[in-house]
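# Reading the structure
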Amino acid sequence: MKKAFLLLLALVLVISFIACRGNDKEKNSNNLTNSSANNEGLIVVGFSQVGAESDWRLANTKSMRETFNKENGYRLILKDAQQKLENQISAIRGFIEQKVDYIVFAPVTEEGWDDVLKEAKAAGIPVIIVDRMINTKDDSLYTCWVGSDFRKEGETAVAWMETTFKDKASLKIVHLQGSLGSSAQIGRTEGLLAGVERNSGWEVVYRASGNFTQVKGKEVMEHVLKQHNRIDVLYCENDNMAFGAMEAMEVAKKTYGVNGDIKIISFDATHAGLDATLKGKINYNVECNPLHGPRVEAIIQQLERGEKLDKLAYVEEEAFDAATITQAVIDARAY
Ligand code: AHR
């Protein structure tokens with residue numbers, strides 16, 4: 001009886017051992033399936049995104065996700081850098097280790113890229129920069145770039161200010177900047193600085209970064225309103241910071257927009273931003289187009305076909321005045 005029991009026990013152990021090995025095998029073959037995505041003919045794209053700081057950024061991530069999926073022949077590895085350069089650098093190093101087919105990244109700042117891009121170049125992986133730009137002396141470190149002309153966006157806003165306020169002897173401006181060191185901040189700031197230089201009556205009474213977020217935009221504006229009684233213009237480097245600033249102005253019982261004291265200039269022209277423009281809360285909104293997924297895909301397809309492409313490609317952008325915008329413009333907006 002005891003012998004039979006021991007035999008049965010041994011049998012149970014052998015069966016469970018075989019079953020476990022079977023599971024391991026299954027797990028391994030799942031891993032293989034994933035890592036052999038290349039062999040299935042998928043193009044593997046590693047995308048290092050800045051973060052999720054604004055509506056613009058969310059629309060940009062959505063555009064990339066919708067483009068680089070299995071149905072279209074891609075496997076996307078998306079890494080959110082949470083607005084930190086070091087996170088982007090380690091994401092790109094990870095892509096190199098994984099031997100992706102293409103590295104795509106939206107740089108959080110312009111500086112700090114040469115070393116990691118040298119590593120990508122040594123690994124023979126094409127690098128596509130999207131949205132913002134980097135500052136490097138060696139443009140062989142990236143294959144190409146597609147994005148916005150941020151300086152032009154700033155100049156567009158300033159041209160509107162020059163026309164709108166031409167009869168005003170003096171203009172007190174609050175300047176809410178985006179994330180310092182990013183191309184979007186640098187270009188939009190340069191545009192305003194050039195305007196201030198040209199217009200002797202213009203004065204920037206306060207300048208600070210709101211890091212492109214609504215929360216920080218509100219916080220900075222709360223602080224400004226405690227210090228300055230007269231503000232004519234809020235030059236705000238994105239829609240989300242403008243929303244935050246509006247919240248602060250409402251609490252402080254300050255009027256703004258078309259019928260208020262503080263005129264607002266904003267950037268991005270997202271759906272919500274244009275809605276605020278139509279309602280007269282934002283006076284002028286300069287577009288920054290986030291729909292880069294199809295643009296990056298077109299570049300990859302050209303590279304796949306071995307075609308030559310332009311090193312730099314600027315996206316066409318518009319601007320919207322509260323006096324002329326219509327609901328139809330907003331309805332036609334994809335972001
Ligand atoms: O680089 C584009 C900028 O980044 C957008 O204006 C801003 O909203 C975003 O976070």
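Above this text is the structure in question.
Below is a short write-up of the structure. Small disclaimer: the values here were computed from a predicted structure and weren't measured. (Residues numbered from 1 in each chain as written. Predicted model: local features only at pLDDT ≥ 70, side-chain atom pairs only at ≥ 80, totals over all residues. Heavy atoms only, no water.)

What follows deals with the nonpolar core. Counting residues in hydrophobic clusters, the biggest one holds 29 residues, and the most contacted among them are Val-174, Met-221, Leu-234, Met-246, Met-249 and Ile-264. Mapped by element, the contributors of at least two residues to this core are strand E6 (171-177), strand E7 (202-209), helix H7 (214-227), strand E8 (233-236) and helix H8 (239-251). Element by element, the count of residues in this core is highest for H8, at 7 residues. Those residues in contact with Met-246, other than ones at most four positions away along the chain, are Tyr-256, Ile-264, Ala-276, Lys-281 and Ile-282. (Core = buried A, V, L, I, M, F, W, Y, C linked by side-chain atoms within 4.5 Å. Buried < 20%, exposed > 50% of the residue type's maximum accessible area, 1.4 Å probe, protein only. Helix = DSSP H or I, 4+ residues; strand = E, 2+ residues; numbered from the N terminus. Contact = heavy atoms within 4.5 Å.)

With that settled, consider the environment of Asp-149. Among the structural elements, Asp-149 can be located in the loop between strand E5 (144-147) and helix H5 (150-164). For Asp-149, a relative accessible area of 27% puts it in the partly exposed group. Considered as a pair, Asp-149 and Arg-188 are 39 residues apart in the sequence and their alpha carbons are 9.3 Å apart. Dropping the residues within four chain positions of it, Asp-149 is found in contact with Tyr-314 and Glu-317.

Here we come to the sheet that holds strand E2 (residues 74-80). One open sheet holds the 6 strands; their spatial order is E2-E1-E3-E4-E5-E11, and the pairing between them is parallel. For this open sheet the edge positions go to E2 and strand E11 (312-314), each flanked by a neighbour on one side alone. Ignoring strand direction, the axes of neighbouring strands in this sheet form an average angle of 15 degrees. Relative to E2, strand E1 (residues 43-49) runs parallel, the two sharing 7 bridges. The residue of E2 that forms the bridge with Gln-49 is Asp-80. (Pairing = 2+ DSSP bridges. Axes fitted to C-alpha atoms, helices over the stretch in contact; angles between N-to-C directions.)

So, on to the site of the ligand. For the ligand, the full set of nearby residues is Glu-53, Ser-54, Trp-56, Arg-57, Asp-131, Arg-132, Phe-150, Ala-184, Arg-188, Phe-212, Asn-238 and Asp-268. Taking Ser-54, its side chain carries an N or O atom lying 3.0 Å from an oxygen atom of the ligand. Note that an oxygen atom of the ligand is positioned 2.9 Å from one of the side-chain N or O atoms of Arg-188. Those elements that provide at least two residues to the shell around the ligand are helix H2 (55-67) and helix H6 (183-198). Residues that form the shell around the ligand fall into these classes: 4 nonpolar, 2 polar and 6 charged. (Near = heavy atom within 4 Å. Polar contact = N/O pair within 3.5 Å; in protein donor to acceptor, adjacent residues only side chain to side chain. Nonpolar A, V, L, I, M, F, W, Y, C, P; charged D, E, K, R; others polar.)

On to the pattern of salt bridges. Taken as a whole and assessed by the stated rule, the structure comprises 18 salt bridges. Two residues, Arg-57 and Asp-131, come together in a salt bridge whose shortest N-O distance is 2.9 Å. With Arg-57 in helix H2 and Asp-131 in strand E4 (residues 127-131), the pair connects residues that are 74 residues apart, well separated along the chain. For the pair formed by Arg-57 and Asp-131, the shared burial category is buried. Two residues, Arg-198 and Glu-162, come together in a salt bridge whose shortest N-O distance is 2.9 Å. (Salt bridge = Lys/Arg side-chain N within 4 Å of Asp/Glu carboxyl O.)

To continue, consider the sheet that holds strand E9 (residues 263-268). In spatial order, the strands read E7-E6-E8-E9-E10-E12; together these 6 strands make up an open sheet with mixed pairing. Edge strands, defined here as strands with exactly one partner in the open sheet, are E7 and strand E12 (319-321). The average angle at which neighbouring strand axes cross in this sheet is 15 degrees, direction not considered.

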